[in-house]
Amino acid sequence: IKQKKRHMGDTKHFCPVSLKENFVLYPGLQEHAAKYKEKIYYFSTSECRDKFLMNPEEYVAHSEPLQAPPLRVCLLGIHGAGKSTCARQIADKLGIFHIQFEEYLQELILPKTKRKVGPSLDEDHEDDYKIPEELEDFSQTTNRTEKEKTKQEVKLTDEEEAIKANLVDNTELPPEVLDKIVPDWWKKEPFRSTGFILDGFPRTIDEVRYLSERGLCPDVAVYIQVEEDDILIRLLPPRLKKWKDRRCKKKEYKKKLKELKAKKRV
């Protein structure tokens, strides 16, 4: 027996309520289906179905087809896999925003920390090369006002402390902090109408669950898998250069310290 073809609604298998209210293509479920004007509509939840049935005309197309949301991509992979390089190329080609999640977090606390934080960024400290107080009168390069500013402790908010802990110790960000960061990329301009490629998020199962619970669905999630040897070849040269630069800086510091001590003895 030939099965009768179903007449699908404007959004096909996607929830029209999620599209209208959140501008997201959220897959609908057959158990949450409803019929309106001889067309079948699928909904993500029974609440969305009930909302649609209360006022269907708000969620269906009238003079022109419903507009689909722009492309939203999550790009994942281990450190050194080349996520940022690929993301920049894709963003340029498609005309969408490139959001590097870790860099975005750094920018949120940079006004107070004054420098980027993290395991690979904590190897050098300004204090490691600070002229001792007994010799500072002999150093013409020391800026006293700058030193006084650095001595003042800057207090971070609870949200900023959570972000710093995430960058330094990889501590998971609580949902209340993510709520102030992530939803804006789906719901606010200019990201809402342009689209984006999100580089480095989500990173854990809890973060994936967070996106699912908030109805923030990417259209595509790509994981870049790279061999360990390739990552070693890619990351070792810049790390080696950084180590050499640090050694040179330390030598210059010791030389300057020696000259200042000799000047003090005279």
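Residues numbered from 1 in each chain as written. Predicted model: local features only at pLDDT ≥ 70, side-chain atom pairs only at ≥ 80, totals over all residues. Heavy atoms only, no water.

For the protein, the name recorded in an unreviewed UniProt entry is KAD9 kinase, with Rhabdornis inornatus as its organism.

Draft legend 1. Just the overall build of the protein, in detail. If you tally the helices and strands in the protein, you get 11 helices and six strands. Out of the 266 residues belonging to the protein, those deemed buried represent 33%. In the protein, 68% of the contacts between residues at least 6 apart in sequence involve partners at least 24 apart. Of the roughly 18,400 Å² of accessible surface on the protein, 52% is carried by carbon and sulfur atoms. (Helix = DSSP H or I, 4+ residues; strand = E, 2+ residues; numbered from the N terminus. Buried < 20%, exposed > 50% of the residue type's maximum accessible area, 1.4 Å probe, protein only. Contact = heavy atoms within 4.5 Å. Areas by Shrake-Rupley, 256 points an atom, 1.4 Å probe, with all protein chains shown as cover.)

Draft legend 2. Structural detail: the side chain of aspartate 199. Positionally, aspartate 199 belongs in strand 5 (residues 196-199). Of the side chains bearing the opposite charge, lysine 83 lies closest to the buried aspartate 199, which forms no salt bridge; the N-O distance is 4.7 Å. Among the polar contacts made by the side chain of aspartate 199, one reaches the side chain of serine 84 at a distance of 2.8 Å. In contact with aspartate 199, other than residues within four places in its own chain, are Leu75, Lys83, Ser84, Ala87, His98, Ile99, Gln100 and Phe101. (Lys, Arg positive; Asp, Glu negative; His and termini not counted. Salt bridge = Lys/Arg side-chain N within 4 Å of Asp/Glu carboxyl O. Polar contact = N/O pair within 3.5 Å; in protein donor to acceptor, adjacent residues only side chain to side chain.)

Draft legend 3. Seen up close, the packing of helix 4 (residues 101-113) against helix 6 (residues 158-169). At a minimum axis separation of 10 Å, helix 4 and helix 6 run at an interaxial angle of 130 degrees. It follows that helix 4 is oblique to helix 6 by the angle criterion. In this structure, helix 4 meets helix 6 at a crossing whose hand is left-handed. Counting all contacts with helix 4, which are made through Glu102, Leu105, Gln106, Leu108, Ile109 and Lys112, the residues of helix 6 involved are Glu160, Ile163, Lys164, Asn166 and Leu167. (Axes fitted to C-alpha atoms, helices over the stretch in contact; angles between N-to-C directions. Parallel < 35°, antiparallel > 145°, perpendicular 65-115°, else oblique. Left-handed = near helix turned anticlockwise from the far one by under 90°.)

Draft legend 4. Region of interest: unusual backbone geometry. In this structure, proline 190 follows glutamate 189 across a cis peptide bond, with omega equal to 5 degrees. As for its position among the elements, proline 190 is in the loop between helix 8 (183-187) and helix 9 (191-194). Following phenylalanine 201, the chain continues to proline 202 via a peptide bond in cis, the omega torsion being 0 degrees. Along the chain, the position of proline 202 falls in the loop between strand 5 and helix 10 (205-213). Even without being glycine, phenylalanine 23 reaches a positive phi, approximately 55 degrees. Phi at lysine 37 takes a positive value of approximately 50 degrees, unusual for a residue other than glycine. Summarising the element assignment, lysine 37 is placed in the loop between strand 1 (29-36) and strand 2 (39-43).

Draft legend 5. View of the pattern of salt bridges. Taken as a whole, this structure holds 13 salt bridges when the rule is applied. Between glutamate 21 and lysine 51 there is a salt bridge, with the nearest N and O atoms lying 3.4 Å from each other. Remark: lysine 51 occurs in helix 2 (residues 46-54) and glutamate 21 occurs in helix 1 (residues 16-22); sequence separation between them is 30 residues. The class for glutamate 21 is partly exposed, based on a relative accessible area of 39%. Overall, the relative accessible area of 38% leaves lysine 51 in the partly exposed class. Residues participating in the shared-partner salt-bridge network are Asp179, Glu213 and Arg214.

Draft legend 6. Representation of the packing of aromatic side chains within the structure. Enumeration according to the criterion identifies nine aromatic pairs in this entry. Taking 6.0 Å as the distance between ring centres and 90 degrees as the angle between the ring planes, the aromatic pair formed by tyrosine 36 and phenylalanine 52 counts as edge-to-face. Of the two residues, tyrosine 36 is situated in strand 1 and phenylalanine 52 in helix 2; the sequence distance between them amounts to 16 residues. Measuring from centroid to centroid gives 5.0 Å for tyrosine 41 and phenylalanine 52, while their planes differ by 40 degrees, and the two rings are tilted. (Phe/Tyr/Trp six-rings, centres within 6.5 Å; stacked < 30°, edge-to-face > 60°.)

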